[in-house]
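Structure at a glance
So the chains spell out like this:
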Amino acid sequence: YIYNICADGLFIRTMDPLPNGDEIWLELTPPRTDRRVRLEARVVWRRLFGPVHGATAPPGFGLRINGGSESEMRRFRMGYYAFAKDIVGWSFSIRPPQI
């Protein structure tokens, strides 16, 4: 499941993480939106299951979102910015990028 989210990536928590460099597509409903988006991403790091001294995350893999239609990317990012503002209390000093 999605464990962490940012404007250009996700961390997927799983006991069987994908290898670094794998290209994938995913469908998800971004925060504060009412429909799914389909995005392309690349695995940029992973943490395997097992004892790891000083681990900062559970087993899983980090994705960098690198593709999708213009409207899907915009929907994802605007959902993220709305989530960050509502939940974390962040306010943006500049307008989020229009992609």
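To start, this report covers the structure provided alongside it. This structure is a prediction, so every number in the text was calculated from the model and none was measured. (Residues numbered from 1 in each chain as written. Predicted model: local features only at pLDDT ≥ 70, side-chain atom pairs only at ≥ 80, totals over all residues. Heavy atoms only, no water.)

1. Points about unusual backbone geometry
Unusually for a residue other than glycine, R32 sits at a positive phi of about 60°. For R32, a relative accessible area of 47% gives the class partly exposed. (Buried < 20%, exposed > 50% of the residue type's maximum accessible area, 1.4 Å probe, protein only.)

2. A look at the layout of surface pockets
Approximately 170 Å³ is the volume attributed to the largest pocket. As for the largest pocket, its lining consists of N4, I5, C6, D8, G9, L10, F11, V44, W45, G62, L63 and R64. Sorting the residues of the lining of the largest pocket by element identifies β1 (2-6), β2 (9-13), β4 (37-47) and β5 (60-67) as the ones contributing at least two each. Among the residues making up the lining of the largest pocket, the classes are represented as seven nonpolar, three polar and two charged. (1 Å grid on protein atoms, 1.4 Å probe; cavity = no way out; pocket = protein on both sides within 12 Å on 5 of 7 lines; lining within 4 Å. Points joined across faces, edges and corners; volume = space filled by probe spheres on them. Helix = DSSP H or I, 4+ residues; strand = E, 2+ residues; numbered from the N terminus. Nonpolar A, V, L, I, M, F, W, Y, C, P; charged D, E, K, R; others polar.)

3. A word on the environment of L39
Relative to the helices and strands, L39 resides in strand β4. For L39 and G68, which are 29 residues apart along the polypeptide, the C-alpha to C-alpha distance reads 4.6 Å.

4. Details of the environment of V37
Relative to the assigned elements, V37 resides in strand β4. Judged by relative accessible area, which is 2%, V37 ranks as buried. Residues contacting V37, with those up to four places away along its chain left out, are L26, E27, L28, P30, E72, R75 and F76. (Contact = heavy atoms within 4.5 Å.)

5. Observations concerning the sheet that holds β5
Remark on secondary structure: sheet strands pair via backbone hydrogen bonds, oriented parallel or antiparallel. Read across the open sheet, the five strands follow the order β1-β2-β5-β4-β3; overall the sheet is antiparallel. Among the strands making up the open sheet, the edge pair consists of β1 and β3 (23-28). Neighbouring strand axes in the sheet, compared pairwise and without regard to direction, differ in orientation by 35° on average. When β1 meets β2, the two strands line up antiparallel, connected through four bridges. Each residue of the ladder has a partner; that of I2, found in β2, is I12. (Pairing = 2+ DSSP bridges. Axes fitted to C-alpha atoms, helices over the stretch in contact; angles between N-to-C directions.)

6. Observations regarding the pattern of salt bridges
Under the definition given, this model contains seven salt bridges. Of the charged contacts in the structure, one is a salt bridge between R36 and E27, with a shortest N-O distance of 3.6 Å. Note on E27: relative accessible area 42%, which makes it partly exposed. D34 is the salt-bridge partner of R75, the closest N and O atoms lying 3.7 Å from each other. (Salt bridge = Lys/Arg side-chain N within 4 Å of Asp/Glu carboxyl O.)

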